[in-house]
Amino acid sequence: MKSMKFYIVSAGLVFAILFYSFITNAIGFTSDYKFLFRKIYSQENKVYPTRKSVYELAPLIQGSIYKPNYFYLPDRNQYLVKSSVEFADEMDTEAGWSYSRKPTWRYLLLNHQGQVQESFDTEIYFSRYSGIFFSPDFYIEWIESRSTAPKSYARIVNHDLNLSQADFVKAFQEMHAQAEYVEYVYLRGEGSQYEAGVVFKIEGQWAILLSGVRQSYMNQLDTEENPKTGIWDQNYRVMSGASAADFPPSPPLIQLLPLESDIEDPYVFRNYPGAGDIKVNKFEKTHSESIFEVAGIAYVSIKVNQSKFKIKIPDVLKLSIWPIYNLGVRVFKSPKADVKNSLAFVEVTQNAGGSEIREGLGVYVVTERQGENFSVVNDLPEGITEDRFNQLPIALQKALIARETARSLVIEQGLSQWLPEIELLENLTYLSIRGRMTQLPESIAKLKKLQMLYLSMNPIKQLPTSFSQLTNLRYVDLSFTELEHFPEVLLSLPELRKLALGHNFFTEIPADINKLTHLIELDLSGAEITSLPDTMVDMKQLTISTGQYSEFHEQFPDKFQHLFVSKLPDYYEYLEARKNLPE
């Protein structure tokens, strides 16, 4: 009897887990959810149902953001958004791999309607106390003048970092005694020899005293990030002998009110009751490495200003069987000051404290639109319906929303046929499709800027004649397809550097392959090639790659062997040994 009860209880627990999983994963199959990068309008207003107000969630920064800060400038009735940002990966068309753009800081000035008035990208330190950008060699008064032109200091002290500690303290004391404003600033950048400095405003002009990375005469104070604002200041003091001299900085020259969030940890989002105005409604699995780590799409509801926004965010990691996600969403509310029609900002991060997975990220502003006459902006390409858009692969959805700037597209969902929407991405330079396509359309020629094309594993038997119009192609991968003949249309591609044709069915290479004067690598791994044309002998910069098929070269005469040398570095020894063999 006890064993029967045990089985009944166990079955009940399993059923409960399955039912919970079904419920939590079933929520969200609705057209109400919009893709994150799109403009979103909401008319929900449960507090004032008769009030005709529309709220818009519009992107300010789209990319891989890190530690954004949000400020209100009451004297100007403006908002300042500051964030480190990395943009989409670029592709090295020579090497065939991707690299990330060097991170930079982006600054946005917005009016009270949420419209961007000015923007500035820079790596220079920004002071929220004076509103000025300081570097070791110049400063920029962007907020005050809207100009990004560098200005020269009236005086730069210790630029060569050759002052002794005593002379450094003496210079500081002399400049401090003359200054009407004093501030410690962080100056360390990539490869910089400067750690920090002190800026002085003396008779209306700026001067700076520099301290080095290795020979530093300034002491960095212990600082902690404010979890509500995300602000982490670098504070310093001057070293005097073995101790730090306490010279406090001057009161701020500019009033910047930091915006705060009720959610203190933006890096790992836990979906539990009472988490605030943000809730993950649905999680869709796409693949699973284990039960504790599942990747998929999170459908998130965000409540701002009595309005609810429902959005989907792709490529989110679930960190455990409990609803904990590698996804951060914070809403930064209005400053405490009495601001009419104040803005709210939504920040989406996905780095979980340092992970490389940073897709679907950005900073968004919520603004209110009044009146009855408004139109919902359709930011889809002309001719694409909402239903069609929702059926497309997530990667293509993301690219179509940012089609003017989309440079790369990778689809791994196993497409059985070409998607004509790809042709709308006229600025693509990198395209990779791994699927079951049997043919390419002539219209692929619309992708005139394409430089790298990966079509491996697709059972394609031939290429369209229009392929010859893709004259910017440098890297083409047609391995593991079903080519029965060498695609001679490739010989019309003057910029081709690398060509992968391994594991196909053709046995000959045309003699005029030497038309490809820039070809440096021809991958024939697993190919059924039985002979090479004599014209390849003089293709001095060409290397034939054979992968793990290390004996592939042995079937060809000696005159071709130099083409295989770089992939078989000991082949010179093999040739020398052959010379010594008896006839």
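Undergrad: How should helix α3 (residues 165-178) be read in this particular structure?
TA: Since the α-helix advances by 3.6 residues per turn, residues separated by three or four positions end up pointing in the same direction. Along its 14 residues, α3 runs 20 Å from first to last C-alpha, staying within 8% of the 20 Å computed at 1.5 Å per residue. Against β14 (155-157), β15 (181-186), β16 (194-202), β17 (205-212), β18 (218-220) and β19 (236-240) lie the buried residues of α3.

Undergrad: Explanation requested: the sheet that holds strand β5 (residues 78-86) in the structure shown.
TA: By way of backbone hydrogen bonds, the strands of a sheet pair with one another, either parallel or antiparallel. With respect to topology, five strands assemble into an open sheet ordered β9-β8-β5-β4-β21, the strand pairing being antiparallel. Because the sheet does not close on itself, it has two edges, and the strands there are β9 (116-122) and β21 (257-258). One ladder, built from six bridges, connects strand β8 (residues 104-110) with β9; its direction is antiparallel. Of the residues in β9, the one forming a bridge with L109 is E118.

Undergrad: Could you clarify how one ought to interpret the packing of aromatic side chains in this entry?
TA: Working definition: an aromatic ring pair is given by the centre-to-centre distance plus the angle between the planes. In this structure the tally under the stated criterion is 24 aromatic pairs. Here the aromatic rings of Y107 and F126 are separated by 5.3 Å at their centres, their planes lie at 55°, and the arrangement is tilted. Separated by 19 residues along the polypeptide, Y107 in strand β8 and F126 in strand β10 (residues 125-126) bring together distant segments of the chain. Of the two residues, Y107 and F126, both sit in the buried class. With 4.8 Å between their ring centres and 90° between their planes, Y107 and F133 make a pair best called edge-to-face. Residue Y107 is located in strand β8, and its partner F133 is located in strand β11 (residues 133-134); the two are separated by 26 residues in the primary sequence. For the pair shown, Y107 and F133 are each scored as buried. Grouping aromatic residues by their ring pairs yields a cluster made of Y70, Y72, Y79, F332 and F345. Just above the ring of W105 sits the side chain of K82; from NZ or CZ to the centre is 5.0 Å.

Criteria and thresholds
- Residues numbered from 1 in each chain as written.
- Predicted model: local features only at pLDDT ≥ 70, side-chain atom pairs only at ≥ 80, totals over all residues.
- Heavy atoms only, no water.
- Helix = DSSP H or I, 4+ residues; strand = E, 2+ residues; numbered from the N terminus.
- Expected span 1.5 Å × (residues − 1).
- Contact = heavy atoms within 4.5 Å.
- Pairing = 2+ DSSP bridges.
- Phe/Tyr/Trp six-rings, centres within 6.5 Å; stacked < 30°, edge-to-face > 60°.
- Buried < 20%, exposed > 50% of the residue type's maximum accessible area, 1.4 Å probe, protein only.
- Lys NZ or Arg CZ within 6 Å of the ring centre and 35° of its normal.

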